[in-house]
Structures are given as C-alpha cells and as structure tokens.
Amino acid sequence: MPLIGAPVRRVEDARFLTGQGRYVADLTLPRMLHVAFLRSPHAHAGIVSIDAHPARELPGVLACITGDEIATQARPMRAESRMAGYHPTECPPLARGKVRFAGEAVAAVLAESRYTAEDALELVDVRYATLPVVGTPEAAMAGGAALVHEAAGSNVLLTRAFVQGDVDGAMRDAALVVGDRFRFHRHAGVTIENRACLADWNPGVGELTLWSSTQVPGLLREGLAALLDLPVHRLRVVAPDVGGGFGVKSALYPEEVAVCALARLTGRPVQWVADRREDLLTSTQAWDETIDAELAVNADGTIRGLRARVVADVGAYSIHPWTAAIEVVQVISFLPGPYRVEHYRGEAWGVATNKAPMGPYRGVGRPVSTFVTEALVDRAARRLGMDPVALRLRNLIRPDELPYRSPSGVVWDSGSFVESLERARDAAGYEHVRAEQERARRAGRYVGVGVACYVELTGVGSAIPASPGAAISTGTEGATVRVDPGGTVTASFGLACHGQGHETTLAQVVAEELGARLEDVRVVSGDTAAGPVGTGTYASRSAVIGGGAAILAARALREKALAIAAHLLEVSADDLTLGDGRATVRGTPHRGLTLREIAGAAYAGAKRLPKGMEPGLEATRFYDPYFGTASNATHIAVVEVDPETCAVIVRRFVVVEDCGRIINPLIVEGQAIGGVAQGVGAALLEEVVYADDGQLLTGSLMDYLVPTAAELPAVEVVHLEHPSPTTLGGFKGVGEGGTIGAPAAVANAIADALQPFGMELSELPATPDRLFRLLSRPRTTSSPETP
Amino acid sequence: MADAVTVRLTVNGVEREGRCEPRKLLVDFLREDLGLTGTHVGCEHGICGACTILIDGEAARSCIMLAVQADGAELLTIEGLMRDGKLHPLQEAFREHHGLQCGFCTPGMLMTALDLLRTNPSPTEAEIREGISAVLCRCTGYHGIVRAVEAAARKMR
Amino acid sequence: MKPVKFDYHAPASLDEALALLRRYGGDAKILAGGQSLMPLLNFRLSRPAALVDLNRIPSLAYIEEHDGQVRFGAMTRQRMIEFSPLVARRLPLLREATKWVGHLPIRTRGTIGGSIAHADPSAEYPAVLTALDGEVVARGPKGERVVKAKDLFVTYLTTSLEPDEILVEVRLPATDAGAGFALEEFARRHGDFAIVAIAALVVPDGARCRAARLATAGAGPVPVRLRAAEQILERDGLTDAAIDAAAGRAAELVSPDSDIHASADYRRHLTAVLTRRALRRALRVAHG
C-alpha cells in the first residue's frame with residue numbers, strides 16, 4: 001500500500017500524549033538566568049532617564065540592562081524591501097530614546113528566577129515624557145500628526161498599487177456597481193505556547209546557540225548573525241517542540257536579539273518565557289484594515305471590474321524580515337480571488353501607529369480580501385435577484401482557462417474552482433438548506449447560508465518572494481536524507497514544525513520514494529546545525545518545497561542503493577525493486593539485500609562498491625518550485641442569528657478543499673478544520689482593542705476571546721485531489737486555507753440571515769454589540785471615502 | 001517575611017517533597033522543583049486550561065493555585081496517565097483521531113477529559129464540547145478531540 | 001505574571017483566621033477558592049502583605065437545610081453544589097446557575113462564599129442571592145452578623161463586609177414546590193462571565209402570581225433586584241402582556257456600563273430580552 005496518501009497516525013503524538021514534549025520553557029541549562037523585560041506603560045513617550053540601580057541591588061538579580069547598554073551588543077533590526085514606495089525603519093532590541101507602543105521592552109532584568117526578575121522590574125525607575133499618541137491610520141495621515149518614526153519622515157511606511165485594464169471605465173459602463181467601506185479589525189494569533197527563547201554563549205569557541213519557539217530558525221540565524229556581528233556558522237538556532245505558530249512566530253523578535261546579546265554580555269545562559277500578558281502586548285498582530293471597494297457587474301451577473309483602496313494599521317514597527325508590507329500588499333494581490341476580473345485597481349497604504357507591530361498571520365491578507373470580495377459578490381447577486389452560487393459559477397475561472405494570470409500578476413497554475421463550489425453546494429445540500437431557511441423564517445427564526453470561494457498561492461518558489469520585496473530568499477528548501485549504517489534513515493530539513501506533523505508526513509514521502517519502511521525513517525527539523533540550509537515553515541510551503549526536496553534526495557539515494565545492490569548481487573539495477581527496506585531481484589524474491597546490508601557496503605568503501613563510486617549513502621538536494629502552486633476551496637457556513645440577543649450560532653460548516661495530491665488525509669483535515677476554527681473566531685469573537693491613548697484593552701484571555709469547542713460546529717471536509725501540475729510530487733499547501741475562507745463564509749451567512757431586516761454586514765468580527773447597533777438603526781448606505 | 005515552606009505531596013503515586021516560597025504557583029513547583037514539565041503554562045490566569053491537572057481526583061488549574069495549598073494532596077499529571085507501560089484509552093484515542101497537533105494544550109485537555117468522563121461516562125457531543133470548553137486548543141478546531149473523547153468514552157464504559 | 005511576595009497562613013480554625021486578619025489590619029487577603037483572586041495576584045493587580053487561606057478549615061464546607069433555608073458553608077465548592085441532591089431538590093435555581101459558573105475545573109476549586117464576597121457583578125451567584133433575598137453570615141471580632149443581599153453589594157468587587165470580617169455562611173430560602181425558576185444568561189463564550197444574566201423565580205397561583213423574584217448580573221456595578229418589574233407580575237399575573245411589561249420595566253431599572261464586550265444600550269436591551277425569556281421559561285417550569 002502506498003504511504004503517500006495513507007492516513008498514517010502521527011509518530012510525534014507518543015511524546016506529546018505522555019508529557020514528554022520538549023518546549024523551550026522545559027529546557028534548563030546550568031547557571032541559567034531568567035530574564036524579565038520592563039515594558040513601557042505608555043504608547044508613545046520619550047525616555048528621559050532610567051535608574052536601574054535599585055533593581056540591581058535586589059538579591060538574586062544579576063543585571064539590569066537598558067537600551068543604550070545593549071546597543072553596544074546588538075544592532076537594531078531593519079526590515080529592508082526592494083519595493084518602491086517603502087520606507088525602512090529601525091527596531092532596537094530594547095527601546096532607545098523613545099517608546100512606540102505600550103508593551104515595548106525598555107530594560108531587561110536578569111535574575112536567578114522569574115519571580116525575582118519580576119520583583120526587580122518594579123524597582124527600575126523610568127522617567128517618561130509622553131508624546132501625542134498616533135491611534136489610527138486616519139490620525140496618522142492627518143497633517144501635523146506626530147511621527148512614529150521621525151527618520152521615515154511620514155507615518156505612511158508604504159504604498160503600492162496593482163492596475164489592470166480600465167477599471168474606472170468598467171465602473172461607468174457596468175449595469176450595477178456595489179460598493180462599501182469594509183472593516184476587518186485587529187486580530188491576535190494566540191498560540192497556546194507563548195513565545196520563549198533561551199540563548200547560550202560559548203566563549204571558548206565563540207559560538208552562540210539560541211533555542212527559540214519559532215517557525216523560522218534559518219531566517220533567525222541569518223538575521224541574528226548580522227545584528228550580533230557573528231559569522232553565520234558561529235550561530236546555531238534550534239526550534240524544539242513549538243506550541244503553535246500560525247505566522248505569529250515567523251518574525252525575528254527584539255526579545256530574541258536581546259536574549260542573545262544578554263547571554264554574550266553575561267556569559268551565562270539566558271532564558272525568556274513570555275507570559276500571556278506579554279504575548280498579547282507584543283506578539284505580532286494581524287489585519288486591521290479598512291477597505292473601500294466596489295464591484296462592477298453586467299446585468300447577467302458577469303463581473304466587469306473591481307476597485308479597492310486598502311488602508312492598513314501596521315503598528316509601530318516594520319517587522320523583520322517581512323516588513324510592514326506583508327499583510328496589506330497581500331490584500332490587493334488577492335482581492336480578485338478565483339474570479340475572472342478584467343479590470344482591476346487595488347491600492348494599498350501601510351500606516352504606522354502606536355500599536356503592536358503587524359505581522360503575518362495564517363492566511364496573510366487573504367482572509368480580508370476574501371471577506372471583501374465575497375461580500376461584494378453576494379451583494380451583486382442580491383441586487384440582480386440571482387442566486388449567489390449561480391453568480392459565482394458564472395465568474396469562476398474554468399479549468400480550460402488555466403494557467404491564468406490574475407490582475408495583480410499572480411499565476412494560477414491549476415485549480416478546481418468550479419468543481420469545489422459545485423461539490424460544496426451538493427455536500428451542504430444547498431437547495432435543502434435554502435428550503436429550511438424559508439421554513440425557519442416563517443417560524444420567526446433567522447437562518448443564513450454563506451458561501452466563500454478562494455484561491456491562494458502556496459509553496460511559493462523563487463519567482464515570487466513570499467513577502468513582496470523583502471530582502472530574503474524564501475523560494476527554496478533542502479533535504480538531507482541519510483541511510484545510516486544500521487539501515488535506518490535520517491531525513492533532515494531546514495524546515496521547522498509547530499504542529500503540522502512533519503515527522504509523519506515527510507517520513508511518508510521519504511519512505512515511499514526511497515523504498516524504506518516508515519518506522520525506519522526519522523525526520524529531523526528545526527535545527528540549523530542538523531539539516532541543510534533553509535528558512536523555516538510559513539506561507540503553506542513545507543509540503544510543497546520540503547516535500548519536493550525530500551523526493552529529490554530520496555530518489556538520488558534510491559538510485560545509489562540500487563546500484564550498490566546490483567553490484568553486490570551481480571544483476572542489473574533495472575532488475576531490482578526497492579521497497580519496504582529491501583532491494584529484491586524481480587521474479588526471484590528470495591534474492592535481495594536489505595537497506596542495512598546495502599548501507600553496510602556503502603560505508604565499507606571501495607572494496608564493496610562499484611568501481612569509482614563514492615562511498616556513503618547520503619544525499620542532499622534542494623528544490624525550488626519557482627512560481628508556486630494554487631490551492632483552492634469553497635466554504636459554506638450555515639448560521640442562525642437570534643435578532644433579539646444578537647447571538648450567532650454556526651450550525652454547519654462545509655469545506656471542499658483541493659490541496660493537490662494528499663500526503664496524509666488526517667493531517668489535511670486537521671489543518672483545514674483548525675484553520676476554520678481560527679476563521680470562525682475571527683468572524684465572531686476575536687478582536688484586539690486599543691483605547692484612544694494606545695493602551696491595550698484586550699490584555700488577557702478573558703478579554704481577547706479565542707473560540708472554545710462550544711462555539712464551533714462539527715466541520716465537514718471533502719477532499720478534491722487534483723495533483724499540482726507544476727510541483728514535484730503534485731503537492732499543494734494547505735496550512736492556511738481554513739482561515740482564509742471561514743470569515744467570509746460566516747459573514748455572508750450572517751448577512752443572508754438578516755436580509756429580512758434589510759441590512760448588510762461590512763465589519764468583522766460581527767460581535768453581538770455590533771449586530772445590535774446594526775439592527776437598531778435604520779439602514780443607511782455608506783459611501784467609500786478616500787483615505 | 002515570606003520564608004520558604006516545605007511542600008509534601010503525592011504526584012502520580014509517588015511521594016514528593018520540595019521547598020519553595022509561599023507565592024510559588026503549583027504549576028511552577030511541578031515543573032521547576034519536581035521536574036515534571038509535562039504540565040504546561042499557557043496563561044497564568046485560569047483561562048486557557050493548559051495547566052489542568054487532577055487534584056485529589058478532580059480537574060483543577062495548577063496556575064491559579066499555590067504549591068503550598070497542595071501540601072498533602074494527591075495529584076495526577078499527564079506523566080502519570082499511562083498504566084503498566086500502556087497508553088490510557090484517552091491517550092490512544094487522541095492519537096487515533098488526530099486530537100492534537102502542536103501538543104501544547106494536550107496535557108490540560110487530557111486531564112479535563114478524564115474528569116469529564118468520570119463525572120459523565122456517556123456524554124453527548126454537546127456535553128463533550130461543553131466539558132472540554134474548559135481548555136483552549138488553537139490547532140485542531142476541537143474536531144479530533146471531540147471524536148477522541150467519544151471513542152474513549154465507548155472504550156472506558 | 002508571578003505574584004508579589006506575601007506571608008501565607010492556613011489557619012485551622014475561624015478564630016485563628018480572624019486573629020490573623022486583625023494582625024495584618026486590612027493588608028491581608030482572604031483566599032477561598034482562589035479562582036478570581038489568584039489571577040489578580042498573578043497580574044500583580046492585587047498585592048497583599050499576607051494571604052489567609054481558608055482551605056484548611058474543614059468546618060466551613062457544608063450544605064444543610066434549616067427552617068426553610070438552605071445554608072452553605074462559605075468554603076462549599078461550586079462543584080459540590082452542582083452535584084448536591086439537596087440543592088437539586090430545594091434550590092434548583094442555584095443548581096442551574098452553577099452550571100454557568102466558569103467550567104468544571106474552575107468549579108472544582110471555586111466556592112460559594114468566595115464568589116459572593118468577590119462581588120463581581122457579572123457573576124451568577126450574587127444574582128441568585130439577590131433574586132432570592134438571601135443573606136450571608138459574617139463573622140468578625142465582635143461576633144456574627146447577618147447581612148441581607150440588598151445590603152451586601154456596594155459596587156464593583158466591593159461588599160459592605162469589613163476587612164476584619166469573614167463571610168462564613170450563605171443562606172438561601174428553599175424553593176417551594178410549584179415555583180418556577182430560570183437563569184437566562186448571555187455570554188460571549190461558554191463559561192465566560194455574563195454580558196447580562198437574569199435570575200428569575202415565580203410562584204404562580206392559578207392565573208395570579210403569588211411572588212416573582214428577578215435579579216440581574218452584568219447590568220451595573222452590583223446585582224440589581226428588579227422589584228418594580230416583579231410588582232407588575234404580582235399585580236397583573238403571569239400573562240404574556242404582563243411579562244412583556246415586566247421585561248420592559250426591567251430595562252428601565254438598570255444602569256449598565258459600557259465595556260469592550262458590550263455597550264450600555266446593548267446591555268439594557270439584553271436585560272429586557274432575557275427577563276422576558278427567563279420569566280417565560282420559569283412559568284413553563286412551574287407548570288411542569
């Protein structure tokens with residue numbers, strides 16, 4: 001039975017189920033110090049003075065370090081981009097001169113315990129001179145606004161536009177234009193494991209090791225080497241077990257820089273484990289965009305054009321390496337969705353404010369673009385009296401039109417856009433649901449059905465960087481596969497894992513391609529010292545790029561193993577098969593050699609190898625899928641809205657997804673459903689709220705609301721499996737998709753449910769208080785305004 | 001003030017002892033003083049449930065309890081869930097039904113589910129969802145967890 | 001998020017506990033179930049010089065019936081209340097309310113006395129105490145005194161108990177057979193504090209209403225007894241029109257505040273909606 005495609009139970013589960021996982025907070029080193037960061041209580045203020053003496057006097061405290069002191073040890077981060085219209089800015093490990101958001105680290109206390117370190121924080125005396133708080137992009141763009149970064153000369157850190165055709169003409173000539181101002185509020189990733197890191201400086205050899213709860217050990221190593229003035233090969237970054245990432249752990253954080261610098265400064269290992277308050281204050285946040293968008297359609301429902309202006313609140317810092325452009329440029333890249341849109345203009349502004357920095361979060365831009373486009377599509381259908389599924393079917397890109405170049409320049413290599421919608425419609429029993437909706441309405445209950453179709457670019461290769469213009473290479477990954485002398489297989493990657501099950505899925509790929517037994521393959525990742533050069537796991541890339549590299553390396557080894565076996569058995573390699581850890585002579589099953597025997601020969605050397613063959617049984621290969629490949633899905637949500645309490649209950653949720661060839665259906669389903677949960681949370685519950693003075697009001701998990709099992713429905717997942725025509729193995733990425741479709745599907749379902757009240761939904765999350773306000777006021781149409 | 005106190009308790013059937021400040025949280029005592037790092041710290045304000053353990057047979061948050069309060073108590077943590085070298089039916093079911101991804105909420109989820117099935121051996125899906133709503137999982141969407149608890153309930157009855 | 005240093009005392013008797021409170025003169029905090037206090041300590045929002053832990057005083061945990069009252073030792077766990085046959089029979093409203101208190105692992109430790117003394121106006125137990133005209137017994141240096149619900153809650157997280165007093169017992173009138181009850185709550189998620197909750201008890205008498213009891217959670221700085229709404233029902237009976245009128249009156253009786261989860265207007269609106277729903281369901285329960 002083939003291993004690729006099999007629902008193999010995860011090999012990593014055994015340790016997690018028995019409490020034997022090793023997360024950063026579980027690691028201790030001799031002489032280790034705990035660091036706690038003093039965090040600014042102000043959103044925007046000059047630092048007048050810092051008196052750290054009383055803190056240093058406290059028994060158990062080793063040091064208290066300020067921004068000026070650490071500056072001698074580490075340079076500030078500076079996220080560069082080739083993008084025109086982008087102003088790079090600096091982010092120091094500890095604030096210098098001024099603080100730019102509430103929660104920014106101002107000083108670091110090193111102590112024998114976290115308890116003592118927190119005691120000492122209270123003894124650090126910082127005098128601040130408050131500055132005007134830049135609270136919103138509107139305020140930030142107004143004349144005379146205080147500057148978050150004086151050196152940038154403006155709070156607008158980036159502008160970008162994509163234009164195709166004559167969108168203004170299309171709007172003029174269209175039978176119908178629907179438009180609105182949409183708002184998707186600020187979101188937090190909330191990994192259940194808070195960020196954490198541990199640095200150890202070895203002065204004898206001049207080497208630094210950083211264990212970090214990160215998705216990107218490779219990117220960290222490169223970034224830190226530059227900031228710390230260390231050669232890259234003197235730095236090792238390890239991501240051990242990591243308790244969730246979702247994009248939040250894919251940036252280089254000031255705390256990681258600081259902890260490395262502090263370890264070098266003190267000569268002792270230094271550990272920082274964020275508490276939840278710090279996580280909510282300082283981990284990168286997402287979305288926070290205002291989108292003025294209009295869709296032009298013909299009377300028959302054919303889409304003519306799409307026009308949008310997107311303003312993003314990027315917070316106080318442009319994060320390394322993704323820059324402040326990461327989220328908002330993705331919005332304008334993906335607004336046209338899986339539809340034929342001839343005329344398009346998308347314009348984006350990224351505006352600095354005194355809030356925590358914006359960063360990549362599961363879906364990056366596309367949850368927002370999908371919300372907007374799918375809402376407009378539904379509104380067009382309503383105005384034309386068409387069924388929303390029918391209008392979509394008319395406009396979705398058909399298989400015969402692929403590959404298709406989108407108006408923003410993204411190429412869809414493949415996709416099952418129409419099929420996924422048709423299958424979702426059937427799986428949901430769409431006609432039946434509509435009939436039930438009618439019956440419910442007559443009984444005074446408000447049920448709604450929401451459809452969302454999306455396409456995303458996954459496994460992005462070198463042609464298009466994963467982040468627009470960022471000065472890093474994200475298009476390649478490597479795999480080193482080694483048959484050990486004992487016949488077992490070690491496959492190492494530059495990737496990192498934070499729940500995706502790579503130890504299982506990549507082992508499935510390697511075992512099948514090499515012909516080894518699954519239980520003989522061990523996957524190693526997340527350690528820059530243990531695998532080939534790579535960056536990490538983000539942007540739905542690991543199955544595609546890591547899987548591709550695994551295939552190449554495993555195939556090279558298979559070929560070599562067969563050549564060795566052929567030599568030893570004195571047959572032609574063509575007469576051999578390799579499977580289940582044994583090379584066997586075709587037609588003569590008792591003649592053969594195990595991988596262990598083959599490996600024994602490989603390491604024994606020339607005496608046992610074909611003439612001229614290099615000893616050893618190990619191969620490293622790199623893979624670049626170049627463009628990347630399109631994953632798509634349709635989500636259908638059925639909700640019930642109680643118009644009195646304004647409660648929304650998600651009754652059903654159907655996902656029909658196509659991630660190409662499936663390595664492990666259990667894991668694909670887990671990724672899809674987990675993504676949907678985050679998308680439903682984004683649609684209904686989750687919102688980061690700041691007060692006007694820049695204070696975070698959602699600084700606990702009592703106020704930032706992550707969905708529990710009781711708020712979520714059982715999710716029905718249907719897999720379509722059209723292998724990617726452009727990637728090795730036919731794999732497509734699936735890590736983010738659930739979060740892309742779900743907010744739009746839920747939003748459309750709510751709007752559908754509330755049609756009897758004649759209202760539209762243009763703001764997420766659709767909290768009960770927002771729905772109450774919508775339902776309480778007479779319907780007004782808002783018109784787009786220029787930012 | 002705040003002299004160190006001695007805490008004696010039974011964890012996973014083994015008598016243990018440690019000295020700590022009275023302010024030390026039970027979860028920190030387990031992890032730092034007893035070396036039992038299987039119980040995780042997620043929020044330190046009693047919301048996420050990652051630190052849930054059984055105290056005298058009942059599920060409770062170890063991040064909002066002091067170590068000194070557990071003096072004399074009998075605790076069960078994830079490290080003590082296996083019996084005779086075999087996975088507990090709940091552990092088995094979580095593996096079978098893909099009830100975990102990153103593994104960070106898993107200790108609290110297992111201990112909460114254990115208490116749920118003890119108080120309600122035949123829960124409906126809604127009761128399972130309500131029961132495990134005490135623990136936040138950010139990876140799975142709870143789907144595999146609900147299936148796992150259903151399966152374990154059938155097996156444990 | 002680690003607490004500040006404090007002295008810790010776990011007295012074995014109430015007298016010892018009272019002596020400790022006296023000794024610290026207001027700088028000590030009483031630790032009951034800890035499910036609200038410990039988070040405040042971890043955030044360092046509460047910074048007591050000492051904790052006086054009541055968990056080692058076994059005599060403070062009991063459920064008994066006396067003269068038509070169900071009496072709870074202050075340290076009775078919410079979990080014990082949830083599974084108590086006596087509570088199920090004699091105080092079904094409290095049992096229903098208990099299921100809304102946090103989650104099972106919270107109820108394992110959380111106590112009835114702690115919940116009431118903490119005086120979170122969004123919590124369920126203070127609403128039930130208020131609706132049922134319950135009372136608490138406080139013991140201080142001058143002995144015991146009984147405090148009626150209406151005299152107990154002062155404002156957010158503040159009661160009329162003195163710093164050297166300990167809430168030792170909660171007394172709720174047992175529910176008559178034939179009464180109907182309901183607790184209707186709206187929260188953002190399962191287990192969260194209420195945005196608004198309404199505790200309702202009605203005693204129908206044919207077409208009339210012998211008694212109605214209504215109180216809020218989440219609709220202001222203290223639980224609000226909705227006496228004027230009750231009077232509409234006691235005057236006009238439990239007709240649909242009277243229930244609607246009582247619900248409308250309820251919304252006028254509350255002065256909720258706005259926070260990030262709900263505006264004052266929305267809370268007032270919910271007060272009416274949930275009052276109507278609670279009354280209708282209570283009536284159905286009464287009619288079996």
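Residues numbered from 1 in each chain as written. Chains lettered and ligands numbered in written order. Predicted model: local features only at pLDDT ≥ 70, side-chain atom pairs only at ≥ 80, totals over all residues. Heavy atoms only, no water.

Describing the overall build of chain C
Each helix and strand in chain C was counted, giving 12 helices and 13 strands. In terms of overall dimensions, chain C is globule-like: its C-alpha atoms have a radius of gyration of 19 Å, near the 19 Å expected for 288 residues. For chain C, buried positions account for 64% of its 288 residues. Nonlocal contacts in chain C, meaning residues at least 24 apart in sequence, comprise 61% of its contacts between residues at least 6 apart. (Helix = DSSP H or I, 4+ residues; strand = E, 2+ residues; numbered from the N terminus. Rg over C-alpha atoms; globule rule 2.2 N^0.38 Å. Buried < 20%, exposed > 50% of the residue type's maximum accessible area, 1.4 Å probe, protein only. Contact = heavy atoms within 4.5 Å.)

Let's talk about the interface of chain B and chain A
As a measure of interface size, the accessible area lost when the parts come together is often cited. Each partner contributes residues to the interface: chain B has 44 residues there, and chain A has 54 residues. In this assembly, chain B packs against chain A so that about 4,000 Å² is buried in total across both faces, 58% of it on carbon and sulfur atoms. With a shortest N-O distance of 2.6 Å, E96(B) and R9(A) are connected by a salt bridge. For the pair chain B and chain A, the number of links is 26 residue pairs in polar contact (both at pLDDT 80 or more). Taken together, the elements giving at least two residues each to the side of chain B that touches chain A come down to α1 (26-33), α2 (89-96), α3 (106-119), α4 (125-132) and α5 (143-156) of chain B. If one sorts the elements of the side of chain B that touches chain A by residue count, α2(B) sits on top with four residues. Class assignment of the residues belonging to the side of chain B that touches chain A gives a composition of 17 nonpolar, 14 polar and 13 charged. (Buried area = accessible area lost by both parts, 1.4 Å probe. Salt bridge = Lys/Arg side-chain N within 4 Å of Asp/Glu carboxyl O. Polar contact = N/O pair within 3.5 Å; in protein donor to acceptor, adjacent residues only side chain to side chain. Nonpolar A, V, L, I, M, F, W, Y, C, P; charged D, E, K, R; others polar.)

Quick word on the domain arrangement of chain C
All names here are of chain C. According to the domain assignment, chain C consists of domain 1 (7-56), domain 2 (58-159 + 167-173) and domain 3 (180-286). Taken residue by residue, the interface counts 13 residues in domain 1 and 15 residues in domain 2. With both sides pooled, the region where domain 1 packs onto domain 2 buries about 1,100 Å², and carbon together with sulfur makes up 68% of that total. At the surface where domain 1 touches domain 2, the tally comes to one salt bridge. Here R139 and D15 are joined by a salt bridge, their closest N and O atoms 3.7 Å apart. Run the count over domain 1 and domain 2 and you get one residue pair in polar contact (both at pLDDT 80 or more). The element best represented in the side of domain 1 that touches domain 2 is helix α1 (residues 14-24), accounting for four residues. Class assignment for the residues of the side of domain 1 that touches domain 2 results in six nonpolar, four polar and three charged. (Domains from an automatic or database assignment.)

Looking at the sheet that holds strand β12 (residues 207-212) of chain A
Residues and elements named next belong to chain A. If you trace the seven strands from one edge of the open sheet to the other, you get β3-β7-β1-β14-β11-β12-β13, paired in mixed fashion. At either end of the open sheet lies a strand with only one pairing partner, and these are β3 (61-66) and β13 (235-238). On average, each strand axis in the sheet is tilted by 20° relative to the strand beside it, whichever way the strands run. Note that strand β11 (residues 196-202) and strand β14 (residues 270-273) share four bridges and pair antiparallel. Paired with A196 across the strands is V273, a residue of β14. Against the sheet, helix α7 (residues 217-228) contacts β12 and β13, and its axis sits at roughly 145° relative to β13. Packed onto the sheet, helix α8 (residues 254-266) meets β1 (33-39), β3, β7 (105-111), β11, β12 and β14 and runs at close to 30° relative to β11. (Pairing = 2+ DSSP bridges. Axes fitted to C-alpha atoms, helices over the stretch in contact; angles between N-to-C directions.)

Focus on the pairing of β1(A)
Residues and elements named next belong to chain A. Burial analysis of β1 places seven of its seven residues in the buried class, the great majority of the element. Burial of β1 is two-sided: the residues L33, V35, F37 and R39 facing one way and the residues H34, A36 and L38 facing the other way are all buried. In this structure, β1 lies alongside β14, joined through two bridges in parallel fashion. Residue pairing in the sheet places L33 in a bridge with V270 of β14. In this sheet, β7 lies alongside β1 in antiparallel orientation, the contact comprising six bridges.

A look at the domain arrangement of chain A
All names here are of chain A. Structurally, chain A comprises domain 1 (13-131 + 193-243 + 249-282), domain 2 (363-459 + 628-776) and domain 3 (477-623). On a C-alpha basis, the centroid separation for the pair domain 1 and domain 3 is 39 Å. On the side of domain 3, 16 residues touch domain 1, which itself brings 16 residues to the contact. Between domain 1 and domain 3, roughly 1,100 Å² of surface is buried when both sides are summed, and carbon and sulfur atoms account for 49% of that area. Applying the counting rule to domain 1 against domain 3 returns two salt bridges. Put simply, R236 and D527 hold a salt bridge, and the shortest N to O gap is 2.8 Å. Elements represented by at least two residues in the side of domain 1 that touches domain 3 include exactly α7 and β13. Residue composition of the side of domain 1 that touches domain 3, grouped by class: nine nonpolar, four polar and three charged.

Regarding the side chain of D520(A)
Residues and elements named next belong to chain A. Positionally, D520 belongs in the loop between α15 (502-514) and β23 (521-524). Its relative accessible area of 16% is what places D520 among the buried residues. Ignoring anything within four residues of it in the chain, the contact list for D520 reads T488 and V489.

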